[in-house]
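# Observations on chain architecture
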Amino acid sequence: MFRVRNSLIALCSVIALVAAAFAVRVGEPAPGFSAVDSTGKTQRLSDYKGKYVVLEWHNQGCPFTQKHYESGNMQRLQKEWTAKGVVWLTVISSAPGKQGFVTPTQENDYLKKMNAVPTAVLMDPAGTLGHLYDAKTTPDMYIIDPAGNLIYEGAIDDKPTTDQADIASAKNYVNAALTEAIGGKLITDPATRPYGCSVKYGKF
Amino acid sequence: MPCFAHFRSCLPILLLLSFAASGAAPVPTKHATVELLSKQTEIAPGSTALLGVHFILESGWHIYWKNPGDSGQPPAFQWQFPQGLTAGDVEWPVPERLQASPELADYGYKEEVLLLVPVKVASGTQSGSAAQITLQAKWLICREVCLPERAELKLSVPVKSAAKDDSSQAKLFASAARRLPKPLPRGWKTVAVEGKDNFILKVSPPHPLKQAQFFPADPGQIDNAAHQVVQPTPKGASLQLKKSDLLLKPIAVLRGVLSLADGEAYVVEAPVRAPRR
């Protein structure tokens, strides 16, 4: 029963509306998508036209992800920016059987336990959304502006380690990019090398 | 070396060997054994000593090069030296390309690696006593999953008026030195011709090269996972390197390591130029 449900999720959860025929690049339109979230609701990028959208690639077993969740850093960012009207979509592209793969119920329990407050968590076990955006690591961060253009892709901050102690002195690129964009300024670092664990994709 | 192919079976021998030589006790972690070694049994003021951080990894696990590629993190070292000793930059052997999936490639080491660290011993350093060296080493070790590991490694080396090599470490240090990329030989030319989506890295020894592989020193310049198309030319070879999606600003120099079929590897600093019309 469980297995049937999982494979159903794997099959139907993400339907890419735009083929990944082009590379995702800062300054260009972000490819549209439609994906089922951990509550069973369908989330479309087009639903959020007019808003800033953050995509956060996630794997709860990855020590780099744990650095930002166990310290409360990611939750603080989610809370602060969603309060300012930014849409925060966490994406899980781990394939069934791989590290970080969770059922919707397991994910909802995790969110509760960690006090995480993304707008929604997109379940992407087939890796469709991950491949569409060419997500490489967990975390890997993307910001889309109200016009639907990609304005940031890359690392969460400039300290590529698993040490929580490094967060305080790190420059948070997501914070910086959102602050600059909303303030009408040019983004100083629009593309950085993401750091973390590799996204645990299944065989394509 | 059968020892390293099945390192578990010979680990006791390795451990015994290193107790007898210029090194502190190896520290076992969950997926590795790490030790701090010295090329010399005695070091001298006014010279450069050579230390090595030796990683023996559990089969299937890897650690990372200075540019880890698409994921991962290079080992980080924090040294505590007595007055007069200062560490130079880590000398990184040529890495392996670790391609986990079609879209992701990392650069790192499997099985065993000795990371060399030159240490300057100032001319005023007092001789007669032993230099107590402590290294806090942190590294990320991955197979499919990744784990951060750390160890505190200690070493005591006598400071004498003349340095003395440790013959029991000679083989290990010599093999590590052979794994380092060499400076580009005199007369060899490199240039990176910039296209819209690619760099064409041209290397001219000048004699034809059958095979070559480029490891970028800086992250975010070339697409790590993309296939490097190598075309032999009468004077060398040209490598088609796909640009990284993260490369938004022009670069003046493409830096990295070029590894050739004969096992040699060279440090490359290729000036970037526009294609000729």
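What you are looking at is a predicted structure, and each value in this text was computed from that prediction instead of being measured.

## Brief notes about the sheet that holds strand 9 (residues 150–154) of chain A
Within a sheet, each strand pairs with its neighbour through backbone hydrogen bonds, oriented either parallel or antiparallel. All names here are of chain A. In spatial order, the strands read 6-5-4-8-9; together these five strands make up an open sheet with mixed pairing. Strand pairing shows two members of the sheet lacking a second neighbour, strand 6 (120–123) and strand 9, which therefore form its edges. Ignoring which end each strand starts from, the neighbouring axes of this sheet average 20° apart. Note: strand 4 (residues 53–57) against strand 5 (residues 87–92), five bridges, orientation parallel. Bridge pairing in strand 5 links E56 to T90.

## Quick word on the packing of helix 3 (residues 73–83) of chain A against helix 6 (residues 173–182) of chain A
Residue and element names in this part refer to chain A. The interhelical angle for the contact between helix 3 and helix 6, taken along N-to-C directions, is 10°, at an axis separation of 12 Å. Overall, the two elements helix 3 and helix 6 adopt an arrangement that is roughly parallel. Between helix 3 and helix 6, the contacting residues are L77, E80 and W81 on the first element and N175, L178, T179 and I182 on the second.

## Focus on the environment of P118(A)
Residues and elements named next belong to chain A. Mapped onto the secondary structure, P118 falls in the loop between helix 4 (104–114) and strand 6. Along the backbone, P118 and V86 are 32 residues apart, and their C-alpha atoms lie at a distance of 9.9 Å. Once you skip the residues sitting within four places of it in the chain, P118 turns out to touch Q78, W88, T90 and L111.

## Things to note about the sheet that holds strand 2 (residues 32–38) of chain B
Residue and element names in this part refer to chain B. Read from one edge to the other, the open sheet built from five strands follows the order 1-2-4-10-7, with strand pairing classed as antiparallel. Of all strands in the sheet, those with a lone pairing partner are strand 1 (27–28) and strand 7 (85–87), marking the two edges. Relative to strand 10 (residues 112–121), strand 4 (residues 47–57) runs antiparallel, the two being bridged by 10 bridges. By the bridge assignment, L50 is partnered in strand 10 with P118.

## As for the domain arrangement of chain B
You'll often see interface size given as the accessible area lost when the parts meet. All names here are of chain B. Entries for chain B in the domain assignment read domain 1 (2–180) and domain 2 (183–273). The straight-line distance from the C-alpha centre of domain 1 to that of domain 2 is 29 Å. At the junction of the two partners, domain 1 supplies 15 residues and domain 2 supplies 13 residues. Across the interface of domain 1 and domain 2, roughly 1,000 Å² is buried in total on both sides, 54% from carbon and sulfur atoms. Sorting the residues of domain 1 by area buried against domain 2 places N67, R97 and Y107 first, and these three jointly supply 46% of that buried surface. Scanning the region where domain 1 abuts domain 2 turns up zero salt bridges.

Conventions used here
- Residues numbered from 1 in each chain as written.
- Chains lettered and ligands numbered in written order.
- Predicted model: local features only at pLDDT ≥ 70, side-chain atom pairs only at ≥ 80, totals over all residues.
- Heavy atoms only, no water.
- Pairing = 2+ DSSP bridges.
- Helix = DSSP H or I, 4+ residues; strand = E, 2+ residues; numbered from the N terminus.
- Axes fitted to C-alpha atoms, helices over the stretch in contact; angles between N-to-C directions.
- Parallel < 35°, antiparallel > 145°, perpendicular 65-115°, else oblique.
- Contact = heavy atoms within 4.5 Å.
- Domains from an automatic or database assignment.
- Buried area = accessible area lost by both parts, 1.4 Å probe.
- Salt bridge = Lys/Arg side-chain N within 4 Å of Asp/Glu carboxyl O.

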